[in-house]
Amino acid sequence: MARKGPTTKDTSTIALGLAQIRVGVAATHIAAVHPALTASDSIGALANTKFTGKTDWYKLESGFPLLEDFTTAIRESAALECAFKEITPYNLAIAYGKDPATYTEVHSGEIALGGRVSPDYVRMEAVYTFPNGSNTMTIIFPRAQVSASMELDLKMEDAAAAPIVFEAKRADSEVTGGNSAWDDKPLGRIAFA
């Protein structure tokens, strides 16, 4: 009997589990189109990871009754939402929009409160390994900012998970701090291997 409906074509493409989030200095790696960060740049254990690529569309309509003639993109953005479980000065610095490079100690340091300004630019790579253990999908934001309101919900019987959103910003050669390597993909890329 022939099977019907949406049957699986390739089990190695099924996504199950979370991506590893790696954060580094944007300026240091701005010319790198391929993954440049390593597992040592990971922010650690996570509660969730979610990529969103938002597009606003313009639709041209004409006639009576109005019928659609044409659609084109007028606005595009990309973001990666996650919630980190490891409460370290490094991770909290990221959540506060600071360059975390100077926060190297796990249980020592200080995050100043008050006087926030525009968030520093960071490089964010979300490395997802498919369940087969050999294929990966890496989301690269060469210049990202975190503009979240910090939230740390401490619970009696569960680990805290602080939510943050990495927002992709332009990285092409026409913006200060950008590079021509990103001229045809100014917000970043999704690379499969």
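To be clear, the structure that these remarks concern was listed above.
Note that this is a predicted model, so its numbers are computed, not measured.

Judged by side-chain polarity, Tyr 58, Leu 60, Phe 70 and Ile 74 come together as a nonpolar surface patch covering roughly 390 Å² of accessible area. Those elements giving two or more residues to the nonpolar patch turn out to be β2 (46-62) and β3 (67-84). Topologically, Tyr 58 is positioned in strand β2.

Next up on the list: the nonpolar core. If you look at the biggest cluster of nonpolar residues, it comprises 30 residues, and the most contacted ones within it are Ile 21, Ile 43, Leu 80, Met 124, Phe 141 and Phe 166. Mapped onto this core, the elements with two or more residues apiece are β1 (20-25), β3, α1 (89-95), β4 (122-129), β5 (136-146) and β6 (162-168). Element by element, the count of residues in this core is highest for α1, at five residues. The contacts of Phe 141, once residues within four sequence positions are left out, are Phe 51, Ala 78, Ala 79, Leu 80, Val 122, Arg 123, Met 124, Phe 166, Glu 167, Ala 168 and Leu 187. Formed by five residues, the second largest nonpolar core is a distinct cluster that contains Val 33, Ile 140, Ala 171 and Trp 182.

Let's shift gears to the environment of Leu 67. Mapped onto the fold, Leu 67 is located in strand β3. Here Leu 67 falls in the exposed class, since its relative accessible area comes to 54%. For Leu 67, the residues in contact, after removing those within four places along its chain, are Leu 60, Glu 61 and Ser 62.

Right, let's get into unusual backbone geometry. Cis geometry marks the peptide bond from Phe 64 to Pro 65; its omega dihedral reads -5 degrees. Relative to the elements of secondary structure, Pro 65 occurs in the loop between β2 and β3.

Here is what the cut-offs are and how they apply
- Residues numbered from 1 in each chain as written.
- Predicted model: local features only at pLDDT ≥ 70, side-chain atom pairs only at ≥ 80, totals over all residues.
- Heavy atoms only, no water.
- Patch = residues over 30% accessible without salt bridge, like charges linked within 9 Å, V, L, I, M, F, W, Y side chains within 5 Å.
- Areas by Shrake-Rupley, 256 points an atom, 1.4 Å probe, with all protein chains shown as cover.
- Salt bridge = Lys/Arg side-chain N within 4 Å of Asp/Glu carboxyl O.
- Helix = DSSP H or I, 4+ residues; strand = E, 2+ residues; numbered from the N terminus.
- Core = buried A, V, L, I, M, F, W, Y, C linked by side-chain atoms within 4.5 Å.
- Buried < 20%, exposed > 50% of the residue type's maximum accessible area, 1.4 Å probe, protein only.
- Contact = heavy atoms within 4.5 Å.

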